[in-house]
Amino acid sequence: MASRGADEPSSKSGSPDGEGGVPEHRSLLRQRLAVKELVDTEATYLHMLRLCGSDIRSRLQQLPQGDLDVLFSNIDEIIKVNGRFLHALQETASKEEEQVSLIGNLFLEFQEELEQVYKVYCAGYEQALQLVEAYRKEPELQREIQGILEAVVPQAGSSGLTFLLVTPLQRITKYPLLLQKILENTPPDASAYPILERATSALQDVNANINEYKMRKEVASKYTRVEHLSLRERLARINTHTLSKKTTRLSQLLKQEAGLVPRTEDKEFDDLEEKFQWVSLCVTELRSNVAAYLDNLEAFLGCRPHECNLDIPGGPVVQYCHLARDLQLEAFLNFKQRLEGLVWRPLCSLAGALAGPRNLIRKRLDKLLDFEQVEEKLLEVGSVTYEEEATRHTYQALNSLLVAELPQFNQLVMRWLGQVLRTFVALQRDLAKQVLQRAEGSTAQLPHHHFSEPAFRKLVEDALGQSSNQLRSFQETFEKVPPPPTMQPRLPGSERQVQALLSSYGPGKLYQVTSNISGAGTLDLTLLRGQIVALLQSKDTKGNSGRWLVDTGGHRGYVSAGKLQPYRMAPSEELRGPARPHEDSRRLTPEPTPAPVPSVPTTTQVVAAYAFEARSSHEVSLQAGQPVSVLEAQDKKGNPEWSLVEVNGQRGYVPSGFLARAPSPAPWGWSLPS
């Protein structure tokens, strides 16, 4: 022992009768007993931990894995640390004279490791107890658990899981008491005394730090919960206390903004928050980009030209269709599934993990305002209430937690983000490799697979040149087509109504509807795009200039002024004016309007010069450049402004000005040189 020899005066060197050595001997005996108690209880404790970590956990497989993770937490790490600690304790027995000093140094050596593993276990202890309480509400499950515990750990008794779960907490809090007992029985002048003092103080600090960490975690758990409350539930939570708190915070914030009171600055936290916001922005942007990528991939997979008649005579088309079908059904589909599982879902989980720290940062600002208010009162009055002291501690705990864990969180998110990006690149590389491998077999069957690289390059250049000339000719044809009309054409059959409005109000009062209008009120009109109306008054009865009173020729009512545009007639119609309403009203068209397509046989090559969206079942939609078949170059009333066409097997009317002639293109594709 450390106090034996020089530190322990023998009975022979004391008084002749040995009376002075009796207390010293008793102290030494108690010291040895305290050391023995430390070593023996450590061995018993480690045995209990191993029972929990192996036998009991393996027999509780009827519980979900998530429950087992909560119940046993990081018990495997505790077993490793305490296993090494016990082994070192037992080795000190071989050096009896230095054993006490070695024990003190051993605790100092394991101080940090003990704190790290036990603070994690203690932070999750309350959640584990909640699970135990939930099991007690299920009698059958509770009987199964109790039977397992009685078979493995009979001394647990009726306490069950609670007896096992509380054991690590009891052990870490008992270390300072055991050290204190050894210290009390060690002479102050012994060389081991200061070492034991430092060890006792260190273990007390460990327990204090664990309590502080546990409190921080409880605060974090309280404020990181994301609650989805309805407006009624939020209003129900409002009371005088919450209103008072929010008013005080707002007042403090306004005083800071006005410069009446100084703002508390924390450079360390501000830097951490700035980095967190940057990391959060990176995650959000990447998630948005991957979502767009998935949408584009979905659209790409929806395009299946190999299932259509490509109008290409023989040759490579068969190999192309086979390769495209193979890639569509296997390579690309597999790539999409892997992309969703290995990139998209982890990225969504990462974005969800940012919600907790974001809530804590926002809550820290609220608590900082409360803290500053309490600090001001403390300086003025010199004392604060218990509730205000709790407010100070809450802010300090929240701030300490963020300062301690935000760097680790930011670093972890960056690593996670880097792994997601590397996975994305690896998936792209795998896709390219699969496509090349699958294409090798198909290219070997192509007629030009035996070409040399220069010859194949010339073949491709010639084919692209031919296609380029065709596209250029097609472009020149489109450039000759007049610009699109500034308005939608009038509705079929509306000429007589327009002529009546023109004769009643004159051309200056006529307006055309630019988009469909749905009347919401009793005096509001429902109008279709392209309909002509006459302006009666440029405001409503309340003076609102955004609602105009108009006449449709049959009904009067209000419409939105923003959906009306002055109606411009052709010059020939303006010369006639409203004095000649009996003339052919079919010449009233918006300006400018391309010349309508004359009667064209169904075999004539006609294409849509502009896109057109059908507004009723009598019309048909067009895409710019889409080939159409003109069935009739006028409507049933002989109006040439509308043509009856057939597109993709559907028939309907389209504006004649939206059609244009185009030369029939030469056959697409390339042919092998002779």
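Keep in mind that this is a model prediction, so the values were computed, not measured.

**Thoughts on unusual backbone geometry**
Now for step 1: At Ser73, a residue that is not glycine, the phi angle is positive and equals roughly 45°.
Now for step 2: Mapped onto the elements, Ser73 comes out in the loop between helix H2 (65-72) and helix H3 (75-91).
Now for step 3: Using a relative accessible area of 31% as the deciding quantity, one classes Ser73 as partly exposed.
Now for step 4: Phi at Asn648 is positive, roughly 55°, even though this residue is not glycine.
Now for step 5: Along the chain, Asn648 turns up in the loop between strand E8 (642-647) and strand E9 (650-655).
Now for step 6: You can call Asn648 exposed: its relative accessible area is 72%.

**Topic: the sheet that holds strand E4 (residues 556-560)**
Sheet strands pair by backbone hydrogen bonding; their relative direction is either parallel or antiparallel.
Now for step 1: The 5 strands lie next to each other as E4-E3-E2-E1-E5, forming an open sheet whose pairing is antiparallel. Looking at the sheet topology across the chains shown, the edges are occupied by E4 and strand E5 (564-566). Strand-to-strand twist across the sheet, computed as the mean angle between neighbouring axes with direction ignored, equals 50°.
Now for step 2: Relative to E5, strand E1 (residues 510-513) runs antiparallel, the two being bridged by 3 bridges. Its bridge partner being in E5, Gln512 is matched across the sheet by Gln565.
Now for step 3: The strands touched by helix H17 (residues 495-505) are E1, strand E2 (532-537), strand E3 (547-551) and E4; relative to E2, the strand with the most contacts, the crossing angle is about 30°.

**Some words on the sheet that holds E9**
Now for step 1: Taken in spatial order, the 5 strands line up as E9-E8-E7-E6-E10 in an open sheet, and their pairing is antiparallel. Only two strands of the sheet have a single partner each, and these edge strands are E9 and strand E10 (659-661). Put simply, the sheet's adjacent strands are angled 50° from each other on average, direction ignored.
Now for step 2: Pairing between E8 and E9: 6 bridges, direction antiparallel. Residue pairing in the sheet places Glu646 in a bridge with Arg651 of E9.

The rules behind these values
Throughout, a residue's number is its position along its own chain's written sequence, starting from 1. Only residues with pLDDT of 70 or above have their local features reported here, since the model is predicted, and side-chain atom pairs are shown and tallied only from 80 upward, although totals for entire chains, interfaces and linings are computed over all residues. Note: side-chain values were computed over all heavy atoms of the structure, leaving out hydrogens and water. The helix and strand labels rest on DSSP assignments: H or I over at least four residues marks a helix, E over at least two residues marks a strand, and numbering proceeds from the N terminus. Accessible area is worked out with a 1.4 Å probe on protein chains only. A residue is then buried under 20% of its type maximum, exposed over 50%, and partly exposed in between. Strands qualify as paired when DSSP identifies two bridges or more between them. Comment: axis = line fitted to C-alpha atoms, over the contacting stretch for helices; angle = value between 0 and 180 degrees taken between N-to-C directions. A contact between two residues is defined here by any heavy atoms of the two lying within 4.5 Å.

Everything listed is a geometric property; what it means functionally is a separate question.
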